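Breakdown of the fold
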Amino acid sequence: MSINNLTTYLNDHLAGSVMALELIKRAAKPSAGTPLARSLEQLHGEIEEDQTVVRDLLRRLDVSENPVKKAAAWIAEKAGRVKIDASDTSDALGRLEALETLKLGIVGKLALLVALEQVAAEIPALAGLDFPALQRRAQDQHDRVEVWRIEAAREALSPTADALR
């Protein structure tokens, strides 16, 4: 077992969460005051809590966060605006693609939690984590984002969507 692999994996996921938080802020902005924006703000807070879990694990392992990976994730989110045309997430297609990206990140977080649970007995720093609760929260986040994504898909991809523009 390599502690270097574990710390790299944790730093990769921490960087991913930085990207997710930026994406959520951007997606919530054009919907300010709506139920979607409030839900995204709640999700933002939950992901910040999840970041705290990862940061705490890095501290327990006595390793630091990788600032280069976090900066790269921030830059990648900004560059992703060009691809997913989500600089205007008030557009249904931009919102759909932003929510899809967010959903994929949450699936990755769930995979992280399952992987950590598999090695928890061998790594004292993982002791005390409530993996079932963390996994349930990630699954709940995934399910909520999927509802929003489906709604955006209906709006963006429906043949009548073009007629409404």
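Residues numbered from 1 in each chain as written. Predicted model: local features only at pLDDT ≥ 70, side-chain atom pairs only at ≥ 80, totals over all residues. Heavy atoms only, no water.

1. A short note on the overall build of the chain
- When helices and strands are tallied, the chain shows six helices and zero strands.
- Its helices and strands in sequence order give the chain the pattern α-α-α-α-α-α, from N to C terminus.
- Within the chain, the fraction of its 165 residues that count as buried is 41%.
- By sequence separation, contacts in the chain at least 24 residues apart represent 78% of the contacts at least 6 residues apart.
- As displayed, the chain offers around 8900 Å² of accessible surface, 58% of which is attributable to carbon and sulfur atoms. (Helix = DSSP H or I, 4+ residues; strand = E, 2+ residues; numbered from the N terminus. Buried < 20%, exposed > 50% of the residue type's maximum accessible area, 1.4 Å probe, protein only. Contact = heavy atoms within 4.5 Å. Areas by Shrake-Rupley, 256 points an atom, 1.4 Å probe, with all protein chains shown as cover.)

2. Regarding unusual backbone geometry
- Unusually for a residue other than glycine, Asp 62 sits at a positive phi of about 60°.
- In this structure, Asp 62 sits in the loop between helix H2 (35-60) and helix H3 (67-84).
- Asp 62 gets classed as exposed once you look at its relative accessible area, which sits at 70%.

3. A word on the packing of helix H1 (residues 3-28) against helix H4 (residues 92-119)
- Running from amino to carboxyl end, H1 crosses H4 at an angle of 155°, the nearest separation of the two axes being 10 Å. Classified by the angle their axes make, H1 and H4 are roughly antiparallel. With respect to the hand of their crossing, H1 and H4 are arranged in left-handed fashion. Of H4, the residues touching H1 (which contributes Leu 6, Tyr 9, Leu 10, His 13, Met 19, Ala 20, Leu 23 and Ile 24) are Ala 98, Thr 101, Leu 102, Gly 108, Lys 109, Ala 111, Leu 112, Ala 115 and Leu 116.
- Per-class residue counts for the contact of H1 with H4 are 13 nonpolar, three polar and one charged. (Axes fitted to C-alpha atoms, helices over the stretch in contact; angles between N-to-C directions. Parallel < 35°, antiparallel > 145°, perpendicular 65-115°, else oblique. Left-handed = near helix turned anticlockwise from the far one by under 90°. Nonpolar A, V, L, I, M, F, W, Y, C, P; charged D, E, K, R; others polar.)

4. Structural notes on the nonpolar core
- Membership of the largest hydrophobic core comes to 22 residues, with the highest contact counts inside it found for Leu 40, Leu 43, Ile 47, Leu 102, Val 145 and Trp 148.
- At the level of elements, H1, H2, H4 and helix H5 (131-157) are the ones that each hand at least two residues to this core.
- What Leu 43 contacts, discounting residues up to four positions off in sequence, is Ile 24, Leu 102, Gln 141, Arg 144, Val 145 and Trp 148.
- Of all hydrophobic cores here, the second largest spans 18 residues; its members include Leu 6, Leu 57, Leu 58 and Leu 116. (Core = buried A, V, L, I, M, F, W, Y, C linked by side-chain atoms within 4.5 Å.)

5. Describing the environment of Tyr 9
- Structurally, the position occupied by Tyr 9 is in helix H1.
- Judged by relative accessible area, Tyr 9 falls into the partly exposed class, the value being 29%.
- Tyr 9 sits 107 residues away from Leu 116 along the chain, and the two C-alpha atoms are 10.0 Å apart.
- Those residues in contact with Tyr 9, other than ones at most four positions away along the chain, are Ala 111, Leu 112 and Ala 115.

6. A look at H2
- Taking 1.5 Å per residue as the helical rise, H2 with its 26 residues ought to reach 38 Å, and the 38 Å between its terminal C-alpha atoms agrees with that figure.
- Those residues of H2 that sit buried are Leu 36, Ala 37, Leu 40, Leu 43, His 44, Glu 46, Ile 47, Asp 50, Gln 51, Val 54, Leu 57 and Leu 58.
- For H2, the elements touching its buried residues are H1, H4 and H5.
- Trailing H2 by a residue or two, Asp 62 shows a phi angle of about 60°, which is positive. (Expected span 1.5 Å × (residues − 1).)

7. Here's the deal with the confidence of the model for the chain
- Averaged over the chain, the pLDDT score is 86; the fraction of residues at 70 or greater is 81%.
- The secondary-structure element of the chain with the lowest mean pLDDT is H3, recorded at 51, while H5 shows the highest, at 97.
- For the stretch residues 82-87, pLDDT sits under 50, and the model shows 15 contacts to residues farther than four places along the chain or on other chains. (pLDDT = per-residue confidence, 0-100.)

8. Remarks on the side chain of Gln 135
- Locating Gln 135 in the fold gives a position in helix H5.
- On the basis of relative accessible area, Gln 135 is assigned to the buried category, the value being 16%.
- Within the local environment of Gln 135, its side chain forms a polar contact with the backbone oxygen of Leu 113, the two atoms lying 3.5 Å apart. (Polar contact = N/O pair within 3.5 Å; in protein donor to acceptor, adjacent residues only side chain to side chain.)

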